[in-house]
Structures are given as structure tokens and as C-alpha cells.
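Given next are the chains, with one letter for each unit.
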Amino acid sequence: MNKGKGTLMQVELKQGIYWVGAVDWNIRDFHGYSTHKGSSYNAYLVVGEKIALVDTVKAPFFAEMMGRIKEIIPLEKIDYLIVNHVEMDHSGSLPQFKQALPHVEVLCSPRAEEELKLHYGDAIPLTVVKTGDVLELGGKTLTFVEVPMVHWPDSMVTYVKEAKVLLPNDAFGQHIASTERFDDELGWEAIRPEAQKYYANIVMPYGPQVLKALEALQGIEIEVIGPSHGIIWRKYIPEITATYKRWAKGETEKKALVVYDTMWGSTELMAKAILRGLVEEGIPTKVYRLGVSDNSDIVQEVLETRGLLVGSPTLNNGVFPSVAEFSTYIKGLRPKGRIAAVFGSYGWGKGSVAKALTADLQAAGMEVAEELQVQFVPQQDALQRCEELGRRMAKRIKEGT
Ligand code: FEO
């Protein structure tokens, strides 16, 4: 239920636990990640006999957050600020917050203590909490669990025992700006793709740590999950936790992605011939031309796709810039266990592009099963070879090896 007036609508998750964050309707680029649907920075107020704020918001939204809190309690009643994560979309308001309310005790993980000092200097006193530590608010008990690398080394989750509410910061988040706050208001079908894009672009390199975090949370009764971005989970908790487990294990579907760019159309001809081979063997395939497509949208697809075929023309004896940007991004995200192929055209510098792309995809943890380069414009025999490559890749994708 929404309470409050005008744009300042705080929302009660459970008795005494409120969303007091901010909706960022207009963000379209979140450190390089395209946020077509905007985002939100979710902060939560936990009201017991004492009062804790869990996380803050990105600095420009500080006043908005404080406005929401003010509609629930006088600001000076806040006793604690819990910093679950140091990244500035959540800790960005900390200096302003401490300036406004110097009496508030700030709690964070050991690693966050180091990182907060490296962001904001030494002036803010910090109280360190570790996994299993408890903060009694009176009627509300907060338990802390460190979940390193989900998404930074400092990351921590806060659990409110009496209310069975988990506040896991980035985990289970999605970049969605909306007037709806809860999953049952927006629906699984609308939220899942955004949760997938978020996991793929933010969390994918840390699958083993996600599995560890999920394990640590096993046996804890959870009725509400309040992530730090997007929609709050209360109906689809089994769905999102099971889906996270699949993503964290690197499970993929028998599908393929053909991702390429082209200068004079040769690599595009190759891409289309490869596509034909894949589709004729029954592999659902999507095609993205780099330069006109968005890396973060493609990576969303990579998360659940077994076969990745990357094509580049040769420019100055190297990979075409848009393809190099993509392969660098993929290398960092490490979507292990996929089967890859590289292809493309060249004029006189044979081999350099395939070598560079193969190195990036192998560094990402993929097996590069095929390499194919064609000089200048592919003729019928070369297109035939592309189609055959598509067919061979389709077999590998079906076998899962
Ligand atoms: Fe939403 Fe890692 O910050």
C-alpha cells in the first residue's frame, strides 16, 4: 500500500519496514549498462524501538529519500545506518546523511570499512559487523551476512528476523523504474527479463559466490526480499531464487547467438550463412549486429544461450572496434562453459582477427570450437563453408559439449 502525498510515497513492506528509496525514471546508462526502463535506488527504514536505515541512495536523490523518511518519523530518531554495499548508487548519500544527522552510527562489513574510507576519507566513524552479528533494535532484530563479490568484496545482506525480510542489496535486483513496488503488482513475466539482464551484466562473473550466498541463506525463512534496485519480491521468491541458482551454475539452453559487425557486407554474408546452418539444424538463434545493438542487451541473451558465434572484419590488421569492445566486455563477464566460434573477412592480414577474438573468448572461459576467415568477399563455396560451420556448431550445441 502506498502512503504519503504527491511524489513522496513511502511503502510499507511489512509492519515497521518501509521502502524509502528513489525512482530514477530517466537514467539510460548505468556505468555503460543500458537501462531502457530506468532504475530505482532502494533504501529501507526498519522501525523498532530503535530505528535503522538500510542503505542510502545515489547522491542526487538524497533529498527525495529524506523526504520519504520524514513522512514516517522525525529524522533525528534514526539511530543506525547500515551500509550493505559501498558502490556509490547506494552509499553516495552517506556524506550528506552524516552531515545532516551526525549522531547516527554507521555499520558496515570489514571490507566496506576499508572501501568507505577510500571513497569518503577518514572522517566518518564506522562500526564493523561480521557474518552472524546481530543488532537488536527492540522488536526488530537485524542479522548480517557477508556475501563478498555479490557484487563487490564489501557486499553484505541484512535480515530482519521477526518480519522474515531479507535486504540483500544488489542481489535479486533489476533496473526498473515504476510506480509499482512489488512483484505481484508488475508480474513475473515483466520482471524476469530485467532480472536476467541485471544478473548477466552485473553478477555473472560471480556465479560461485552467488551459490555460496544462496547456501548461506538456506534455512532462513524469507517472506520478502527487498533488493537495492527495482521491484521488491514477495510472491515470486521461489521463482527468482531457483532462477538465480540456474544462472549461477551457468546452465544454458540449446540456443545460439550470432554477434558480428561488418564493413562492406562480407562478414554479414558469412553471419547469414552461418545462421542458415544453425536454424536448419533446429537451433533457435538470434542475430545482433554490433554498432547498432547494445552490448548489455546482447549479454542478457548470452546468460541463457549455449552457443556464441562472433564475427569481425579485419581493420588495420586487427579486430573491428565495435567487435573488440564486445569481446572485451564478454571477457570480463566470464560466461564460462559456452561453445564459441569466430569468423570474419580479411583483405591481406589473415589470422590476426581470429587469433585476437579466440584469445578473448577463451579468456572468458569458453571453448572456441571453430574459426573461419574468408578473403575479401565470400563466394558460393565460402558461404557453403559458413553454412557447414553453422551445422557443426548446432550439433555441438545440442550435445552440450
Ligand atoms: Fe547497485 Fe553494486 O551497486
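Located above this text is the structure these notes cover.
The rules we used
- Residues numbered from 1 in each chain as written.
- Predicted model: local features only at pLDDT ≥ 70, side-chain atom pairs only at ≥ 80, totals over all residues.
- Heavy atoms only, no water.
- Helix = DSSP H or I, 4+ residues; strand = E, 2+ residues; numbered from the N terminus.
- Expected span 1.5 Å × (residues − 1).
- Buried < 20%, exposed > 50% of the residue type's maximum accessible area, 1.4 Å probe, protein only.
- Arc of directions from axis to C-beta.
- Contact = heavy atoms within 4.5 Å.
- Polar contact = N/O pair within 3.5 Å; in protein donor to acceptor, adjacent residues only side chain to side chain.

Trainee: Any chance you could break down helix H9 (residues 266-280) for me, citing the residues and the numbers?
Mentor: Taking 1.5 Å per residue, 15 residues should reach 21 Å; H9 reaches 21 Å between its end C-alpha atoms and fits that length. Buried within H9 are the following residues: Ser266, Thr267, Met270, Ala271, Ala273, Ile274, Gly277 and Leu278. Burial along H9 is one-sided: seen end-on, the buried residues are contained in an arc of 170 degrees. Tucked inside the fold, the buried residues of H9 contact strand S17 (253-260), strand S18 (285-289), strand S19 (305-311), strand S22 (339-346), strand S23 (367-375) and helix H13 (380-399). In the stretch just after H9, Gly282 is the one whose phi turns positive, near 85 degrees.

Trainee: Describe the environment of Val86, listing the residues and the values that go with them.
Mentor: Take Val86: it is sitting in the loop between strand S9 (80-83) and helix H2 (88-91). Residue Val86 is classed as buried on the basis of its relative accessible area, which comes to 0%. Through-space distance from the C-alpha of Val86 to that of Leu167 is 15 Å; in sequence the pair is 81 residues apart. Leaving out residues up to four positions away in the same chain, Val86 has contacts with Ser91, Ala112, Glu115, Leu116, His119, Trp152 and Asp154.

Trainee: Run through the side chain of Ser178, naming residues and quoting values.
Mentor: By the element assignment, Ser178 lies in the loop between strand S15 (165-169) and helix H5 (183-186). Residue Ser178 is classed as buried on the basis of its relative accessible area of 6%. A polar atom in the side chain of Ser178 sits 2.7 Å from the backbone oxygen of Glu180.

Read these as geometric descriptors, not functional statements.
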